[in-house]
Amino acid sequence: MTEEPRGALYADGPPARSRAASGPAKPEPSRTGSSKPDSSDSRASGAGSPRAAAEGAEGQEGRSPSRVRPSGLAEAVDAVAGAAAQRRTMLFEGAGTALEWGAPVAEPALVVETSGLDRLISHAPEDWTVGVEAGMPLARLQKLLAPAGQWLPVDPPTADGGATLGGLLAGGDAGPRRLKYGGLADLVIGATLVLPNGTVARTGGDVIKNVAGYDLAKLMSGSLGAFGLVARLNLRVHPLPAATVTVALPVDDAAQALDAARAVMRSPLEPVAVEWDGRELLVRFQGTEESAAARGRLAPEVPGLAGARVLDADAEQAAWRRHLGLLRGEEGETVLRAATHPARLPGLARRLNELTRETGVEARLLSGVAQGLHTAVLRGGDAAGHAECLTAWRETVHQAGGSVTLRRRREGVDDLAAAWGRAPSATPVLRSLKRQFDPDDICAPGRFAPWF
């Protein structure tokens with residue numbers, strides 16, 4: 001499972017994601033009033049029929065997998081249940097922006113494409129909620145919400161690639177403004193899932209309120225499709241900010257970047273994003289045009305930000321587009337995403353430099369420095385150099401109490417390095433959940449190997 005950072009820098013208490021209820025999973029009623037998976041939906045939709053299998057018999061032992069593209073919940077249930085009945089392995093695929101994350105899936109027999117699950121189910125602007133099918137791209141949802149002056153406040157690097165809402169939840173992906181709003185899982189108020197045996201499970205509800213029950217949406221966050229298909233989501237939306245202002249501080253030293261981030265987080269300016277790209281610290285503010293502009297003007301008065309300059313609108317847009325591109329990585333690069341306490345940044349930067357010195361591998365460390373989310377990008381050199389660096393740097397992160405997810409790799413790295421490092425302490429719980437949800441290991445088999 002992809003993991004959250006161990007700490008964060010907060011100026012006035014934790015951001016929204018931490019303020020929201022995020023305690024241990026509790027029994028939670030579905031919209032039908034049951035706290036258990038709703039198997040009646042499966043029966044009603046013909047679950048158990050071999051419809052998916054009828055799409056083709058390819059996909060085993062090195063052959064190309066069959067593909068199915070359901071256009072609604074009933075067809076999705078049909079596809080999953082049909083594959084489960086024949087114990088055919090499955091891979092759920094949205095826009096394909098996170099298919100490389102984690103370990104490679106072992107030859108799925110069936111690929112369930114979610115691009116047909118892309119309808120807007122409901123939008124209640126007065127309640128600040130929206131219901132969508134999970135195959136809808138984030139960018140399309142933002143266009144639908146904009147006329148109401150609303151948006152879903154997530155800005156992941158994969159959005160430009162067409163990332164879908166279900167894929168973003170399954171990948172646990174988030175962007176720079178996670179600092180204020182949290183990740184997508186923190187904005188989910190209800191979800192409809194198709195479990196590996198074709199059973200439909202509903203969690204949460206349609207409105208913003210406290211509910212009890214199993215928080216299955218949290219289980220799906222970062223699961224990379226190993227526990228089932230996310231079919232529908234009910235989400236909390238926010239007001240679209242009238243204006244944003246970004247200040248940029250040239251700084252190539254990790255310790256100085258950390259000090260500046262701490263200073264601005266302690267200030268009353270309340271940034272929504274603080275990101276360091278190894279050469280420059282970007283601090284973003286948002287609000288009304290007047291308040292955003294005022295914060296930008298005041299930012300250079302914060303200790304450590306004296307050399308910061310306010311970017312004009314074009315430069316601001318270009319800076320964040322470039323930053324998100326670096327986070328995504330490119331063909332031939334190896335990209336590692338790490339989560340630690342924010343204070344670990346200088347040590348991780350030093351270690352990355354040590355590991356790549358005189359190796360031919362170029363390394364760049366980017367950091368959501370106020371959140372402790374770091375991205376190491378390796379380019380150049382050969383696969384052996386990438387593999388040695390990722391293995392050693394990952395061990396350094398683990399020793400610092402953090403975790404690492406391999407998001408992209410140069411060709412050949414998989415033959416030389418494990419996709420995952422040491423197993424986290426939660427592994428026994430995850431294995432138990434996998435056995436209960438997917439005892440035949442048909443969903444994304446091998447994605448978390450060798451953990452489970």
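Predicted model, so just to flag it, every value in this text is computed and none were measured.

Criteria and thresholds
- Residues numbered from 1 in each chain as written.
- Predicted model: local features only at pLDDT ≥ 70, side-chain atom pairs only at ≥ 80, totals over all residues.
- Heavy atoms only, no water.
- Helix = DSSP H or I, 4+ residues; strand = E, 2+ residues; numbered from the N terminus.
- Buried < 20%, exposed > 50% of the residue type's maximum accessible area, 1.4 Å probe, protein only.
- Contact = heavy atoms within 4.5 Å.
- Phe/Tyr/Trp six-rings, centres within 6.5 Å; stacked < 30°, edge-to-face > 60°.
- Lys NZ or Arg CZ within 6 Å of the ring centre and 35° of its normal.
- Salt bridge = Lys/Arg side-chain N within 4 Å of Asp/Glu carboxyl O.
- Patch = residues over 30% accessible without salt bridge, like charges linked within 9 Å, V, L, I, M, F, W, Y side chains within 5 Å.
- Areas by Shrake-Rupley, 256 points an atom, 1.4 Å probe, with all protein chains shown as cover.
- Lys, Arg positive; Asp, Glu negative; His and termini not counted.
- Charge placed at Lys NZ, Arg CZ, Asp CG, Glu CD.
- Pairing = 2+ DSSP bridges.
- Axes fitted to C-alpha atoms, helices over the stretch in contact; angles between N-to-C directions.
- Polar contact = N/O pair within 3.5 Å; in protein donor to acceptor, adjacent residues only side chain to side chain.
- Core = buried A, V, L, I, M, F, W, Y, C linked by side-chain atoms within 4.5 Å.
- pLDDT = per-residue confidence, 0-100.
- Parallel < 35°, antiparallel > 145°, perpendicular 65-115°, else oblique.
- Left-handed = near helix turned anticlockwise from the far one by under 90°.

## Brief notes about the side chain of threonine 396
Inference 1: Within the element layout of this structure, threonine 396 appears in helix α13 (residues 383–399).
Inference 2: For threonine 396, a relative accessible area of 19% corresponds to the buried category.
Inference 3: Apart from residues lying up to four places away in sequence, threonine 396 is in contact with Leu348 and Arg351.

## Looking at the packing of aromatic side chains
Inference 1: The tally for this structure, following the rule as stated, stands at six aromatic pairs.
Inference 2: Ring plane angle 90° and centroid distance 6.0 Å describe the contact between tryptophan 151 and tyrosine 181, whose orientation is recorded as edge-to-face. Placement of tryptophan 151 in strand β6 (residues 150–151) and of tyrosine 181 in helix α7 (residues 178–181) is noted, with a sequence separation of 30 residues between them.
Inference 3: Residue class for tryptophan 151 comes out buried when judged on its relative accessible area of 8%.
Inference 4: Relative accessible area serves as the criterion here: at 6%, tyrosine 181 is assigned to the buried category.
Inference 5: Pairing phenylalanine 227 with phenylalanine 452 gives two aromatic rings, centres 6.1 Å apart and planes at 40°, and the pair type is tilted. Residue phenylalanine 227 is located in the loop between α8 (216–220) and β9 (229–236), and its partner phenylalanine 452 is located in the segment after α14 (427–437); the two are separated by 225 residues in the primary sequence. You'll find phenylalanine 227 and phenylalanine 452 in the same group, each marked buried.
Inference 6: Here a set of aromatic residues connected by ring pairs shows up, and it is made of Phe227, Trp420, Phe437, Phe448, Trp451 and Phe452.
Inference 7: Across the ring face of tyrosine 181, the terminal group of lysine 180 is positioned such that the distance to the ring centre comes to 5.5 Å.
Inference 8: We note arginine 407 situated over the ring of tryptophan 101; from NZ or CZ to the ring centre the distance is 3.9 Å.

## Focus on the pattern of salt bridges
Oppositely charged side chains can pair when the atoms bearing their charge come close.
Inference 1: The full count for this structure, using the stated rule, is 18 salt bridges.
Inference 2: One salt bridge in this structure joins arginine 140 and aspartate 118, with 3.3 Å as the shortest N-O distance. Of the two residues, arginine 140 sits in helix α5 (residues 138–145) while aspartate 118 sits in the loop between β3 (110–113) and β4 (120–124), which places them 22 residues apart along the sequence.
Inference 3: For arginine 140, a relative accessible area of 36% translates into the label partly exposed.

## Comments concerning a negative patch on the surface
Inference 1: Residues Glu100, Glu331, Glu411 and Asp415 make up a contiguous surface patch of negative charge.
Inference 2: Take glutamate 411: it is sitting in the loop between β18 (403–408) and α14.
Inference 3: Residue glutamate 411 is classed as exposed on the basis of its relative accessible area of 76%.

## Remarks on the sheet that holds β3
Inference 1: Spatially, the three strands line up as an open sheet ordered β1-β3-β2, and their pairing is parallel. Both outer strands of the open sheet, β1 (66–68) and β2 (90–93), are each paired with one neighbouring strand and no more. Direction aside, the axes of adjacent strands within the sheet are offset by 25° on average.
Inference 2: Two strands pair when backbone bridges link them, and β2 and β3 are joined in this way by four bridges, in the parallel orientation. Across the sheet, the residue bridging to glutamate 93 is glutamate 113, located in β3.
Inference 3: Helix α4 (residues 73–85) rests against β1, β2 and β3 of the sheet, and its axis sits at about 160° to β2.

## Description of the sheet that holds strand β7 (residues 188–194)
Inference 1: Strand order in the open sheet made by the five strands is β4-β5-β9-β7-β8, with antiparallel pairing throughout. The open sheet is flanked by β4 and β8 (200–204), the only strands paired with a single partner. Ignoring strand direction, the axes of neighbouring strands in this sheet form an average angle of 10°.
Inference 2: Across four bridges, β4 lies against strand β5 (residues 129–133) in antiparallel orientation. Bridged to alanine 124 within β5 is threonine 129.
Inference 3: In the packing of α4 onto the sheet, contacts are made with β7, β8 and β9, and the angle to β7 comes to roughly 50°.
Inference 4: Docked against the sheet, α5 engages β4, β5 and β9, running at close to 140° with respect to β5.

## A word on the environment of histidine 374
Inference 1: In this structure, histidine 374 sits in strand β17 (residues 373–379).
Inference 2: For the pair histidine 374 and arginine 344, spaced 30 residues apart in the sequence, the C-alpha separation amounts to 9.8 Å.
Inference 3: For histidine 374, the side chain forms a polar contact with the side chain of threonine 340, separated by 2.8 Å.

## A short note on the nonpolar core
Inference 1: Leu152, Leu235, Val274, Leu281 and Trp393 are the most contacted members of the largest nonpolar core, which totals 87 residues.
Inference 2: Discounting chain neighbours no more than four positions away, the residues touching leucine 152 are Leu138, Leu141, Gln142, Leu145, Leu165, Leu184, Leu187, Leu235 and Arg236.
Inference 3: Counting 19 residues, the second-largest nonpolar core is a separate cluster that includes Leu117, Val194, Val200 and Ala231.

## Describing the environment of histidine 323
Inference 1: Topologically, histidine 323 is positioned in helix α11 (residues 313–328).
Inference 2: Measuring from C-alpha to C-alpha, the distance between histidine 323 and leucine 366 comes to 8.7 Å, with 43 residues separating the pair along the chain.
Inference 3: Residues contacting histidine 323, with those up to four places away along its chain left out, are Pro176, Glu275, Trp276, Asp277, Leu282 and Leu366.

## Observations concerning the confidence of the model for the chain
Inference 1: When pLDDT is averaged along the chain, the result is 87, and 85% of the positions lie at 70 or above.
Inference 2: Low pLDDT, under 50, characterises residues 3–60; the stretch is placed with 143 contacts to residues that sit more than four places away or in other chains.

## Here we look at the packing of helix α12 (residues 345–356) against α13
Inference 1: Packing of α12 against α13 brings their axes to within 10 Å, and their N-to-C directions diverge by 155°. When the interaxial angle is binned, α12 and α13 end up roughly antiparallel. For α12 against α13, the interelement crossing comes out right-handed. In contact with Leu348, Arg351, Leu352, Leu355 and Thr356 of α12, α13 contributes Cys389, Ala392, Trp393, Thr396 and Val397.

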